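# Structural features, examined
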Amino acid sequence: MSGPLVLAIETSCDETGVAVVRGGRRIVSNQVATQIALHAATGGIVPEVAARQQLRWIVPSVEAAMAEAGVGWDELDAVAVTSGPGLIGSLLVGVNVAKALAVVHDLPLMGINHIEGHIYANWLTDVPMEDPLPDEPPFPLLCLVVSGGHTQLVLMADHGRYRLLGQTVDDAAGEAFDKVGRLLGLPYPGGPAISAAAEGASAATRFPRARTAGPYDFSFSGLKTAVLREVAGYRERGAAIPVDGLAAAFEEAVVDALATKTAAAAEEHAVAAVAMGGGVAANRSLRRVLRDRLDALGIPLLVPPPAWCTDNGAMIGAAAGFRYASGDRAGPALEAVPNLSLAWADA
Ligand code: KG4
Ligand code: ZN
């Protein structure tokens, strides 16, 4: 067994994730308490409610992760926590609990960027402790981060070295899934619901693909308006709304935009592989279409299992593994930063 043993906490949104990760790669335990059922009642996240639930679940989640790992506090090397980006009330819960645990157990504290966590989910494995680790993702690595709050194409030259190639100029991909899901009367969250509705359905129409100034930027708000207009048209005519067919047409448009630009960036920058992360990376159609496009270029696609794409503590532990090695430590003044950005390098 090698590498630091890190207790990692993720509370940036509506999932309370706590994990123990060895060396940034081996998941020793991984507990996720989700608020999905609660937010389904309101059709979306109410930040105040999310923060209160984080408070409700953080201590039981830490206890469960430590129990599942079967390790003592004295065996840990650090406590890592998502310090941003995210909802301030939710972030504060994790950051303050992590600070308290670090002080009480005399452990170094590490602040981790949530986006970096989504990227490093690609380093996680669940191979048995005694088995050798599979190869690490190779550099240069193109990362497509697609979550409820972010849509970014990031070129990684090495560990911790990020260059932003493009991002959404309006809604994030997951946000578009959630908003369109609501428009179509599907349950929250819209991503999995649209994906299920679209499965096996043929597209009811072809939505236009957005044009953006930057070659690797994305725009999804026009698409959302196009779905709204289409739904309104059916209502005016008193016709039944073909929910599955519209879900398929919407998903096709989002997947096409993401896959086309990702494949183009991968080719231009001659990357060794493409990696996906974030909740939308759990989308089966996106995984399939992007894999096909990259196969044609001979570039491998890495995608974490769906449970590691959506928010979880293990991905924070993965990023912390590499930051620990480079001596990165947060002081007791670590703050929750709702709009925290990755540090962009030029190359
Ligand atoms: O990464 P994540 O768990 O939280 C954020 O950091 O935002 O991503 C949540 C987002 C939601 O918008 C959800 O609808 C979307 O990921 N999502 C999906 C799927 N599963 C989750 N979108 C499309 N297809 C899915 N299967
Ligand atoms: Zn996330």
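The paragraphs below set out a description of the structure included in this document. Remember, it's a predicted structure, so these values are computed and weren't measured experimentally.

## A word on the pattern of salt bridges
Taken as a whole and judged by the stated rule, the model has nine salt bridges. The closest approach of N and O atoms between Arg323 and Glu116, which form a salt bridge, is 2.7 Å. Placement of the pair is Arg323 in helix H11 (residues 313-325) and Glu116 in helix H4 (residues 114-120), with a sequence separation of 207 residues. By relative accessible area, Arg323 is classed as partly exposed at 22%. Arg323 is the salt-bridge partner of Asp328, the closest N and O atoms lying 2.7 Å from each other. Among the residues examined, Asp328 registers a relative accessible area of 31% and is labelled partly exposed. In this structure, a network of salt bridges that share partners links the residues Asp171, Glu175, Lys179 and Lys224.

## Quick word on the coordination of the zinc ion (ligand 2)
Here the zinc ion (ligand 2) is held by the protein donor atoms His114 (NE2), His118 (NE2) and Asp311 (OD), which lie 2.0 to 2.1 Å from it. One chain supplies every donor to the zinc ion (ligand 2), and in sequence these donors are spaced H-x3-H-x192-D. Of the two residues, His114 is situated in helix H4 and Asp311 in the loop between helix H10 (306-309) and H11; the sequence distance between them amounts to 197 residues. Here His114 and Asp311 have matching classes, each one buried.

## Here's the deal with the environment of Thr82
Residue position: Thr82 is located in strand S4 (residues 78-84). A sequence separation of 264 residues divides Thr82 from Asp346, and the C-alpha atoms of the two residues are 25 Å apart. The residues contacting Thr82, other than those within four sequence positions of it, are Ile9, Glu10, Ser12, Leu91, Val95, Ile112, His114 and Ile316.

## Describing the packing of helix H5 (residues 173-183) against helix H7 (residues 221-236)
At their nearest, the axes of H5 and H7 sit 10 Å apart, and the two run at 5 degrees to each other. If you check the angle between H5 and H7, you find them roughly parallel. The segment H5 lies against H7, with Lys179, Val180 and Leu183 engaging Lys224, Val227, Leu228 and Val231. Here the residues of the contact of H5 with H7 are counted per class, giving five nonpolar, no polar and two charged.

## With respect to the site of ligand 1
Surrounding ligand 1, one finds 19 residues, the nearest of these being His118, Gly148, Asp178, Gly279 and Asn283. The contact in question runs from an oxygen atom of ligand 1 to an N or O atom on the backbone of Gly174, over 3.1 Å. Here ligand 1 occupies the largest pocket. Elements with a minimum of two residues in the shell around ligand 1: H4, H5 and helix H6 (190-198). The element best represented in the shell around ligand 1 is H5, accounting for three residues. Of the residues that constitute the shell around ligand 1, the class distribution is six nonpolar, eleven polar and two charged.

## Some thoughts on the nonpolar core
Core analysis: the largest hydrophobic core is formed by 50 residues, its most contacted members being Leu142, Phe207, Phe250 and Leu258. Secondary-structure elements contributing two or more residues to this core are strand S6 (141-146), strand S7 (151-158), H5, H6, H7, helix H8 (243-268), strand S9 (273-277) and helix H9 (284-297). Broken down by element, this core gets its largest block of residues, 13 residues, from H8. What Phe250 contacts, discounting residues up to four positions off in sequence, is Ala176, Phe177, Val180, Ile194, Phe207, Leu223 and Val227.

How each quantity is defined
Numbering of residues starts from 1 in each chain and follows the order in which that chain's sequence is written. Each chain gets a letter, beginning with A, and each ligand a number, beginning with 1, in the order they are written. In keeping with the model being predicted, local features are shown solely for residues with a pLDDT of at least 70 and side-chain atom pairs are shown and tallied solely at 80 or more, while totals for entire chains, interfaces and linings include all residues. By convention in this description, side-chain values take in all heavy atoms of the structure and omit both hydrogens and water. Criterion for a salt bridge: a side-chain nitrogen of Lys or Arg within 4 Å of a carboxyl oxygen of Asp or Glu. Going along the chain from the N terminus, every DSSP run of H or I of four or more residues is numbered as a helix, and every run of E of two or more is numbered as a strand. In this scheme, a residue with accessible area under 20% of its type's maximum is buried, one over 50% is exposed, and one in between is partly exposed, where area comes from a 1.4 Å probe on protein chains only. Metal coordination here is assigned from N, O and S atoms located within 2.8 Å of the ion, or within 3.2 Å for Na, K and Ca; omission of water means that sites may look incomplete. Any two residues having at least one pair of non-hydrogen atoms within 4.5 Å are treated as being in contact. With axes taken as lines fitted to C-alpha atoms, and helix axes fitted only over the stretch in contact, angles between N-to-C directions fall between 0 and 180 degrees. Note on angle classes: values under 35 degrees are labelled roughly parallel, values over 145 roughly antiparallel, values of 65 to 115 roughly perpendicular, and the remainder oblique. Amino acid classes used here: Ala, Val, Leu, Ile, Met, Phe, Trp, Tyr, Cys and Pro are nonpolar; Asp, Glu, Lys and Arg are charged; the rest, including Gly, are polar. Only heavy atoms are used to decide nearness, and a residue is near a molecule or strand if one of them lies within 4 Å of it. Within 3.5 Å is the distance limit for a polar contact, defined as a pair of N or O atoms, with the added protein rule that one can donate a hydrogen and the other accept it, and that residues adjacent in sequence qualify only through two side-chain atoms. Detection works on a 1 Å grid of protein atoms alone, calling trapped sets that fit a 1.4 Å probe cavities and calling open sets with protein on both sides within 12 Å along at least five of seven lines pockets, with lining residues defined by an atom within 4 Å of a point. Just a note on the criterion: a molecule sits in a pocket or cavity if more than half of its atoms are within 2 Å of the grid points. Definition used in this section: a nonpolar core is a set of buried Ala, Val, Leu, Ile, Met, Phe, Trp, Tyr and Cys residues joined via side-chain atoms within 4.5 Å.

Interpretation in functional terms is not warranted from these geometric data alone.
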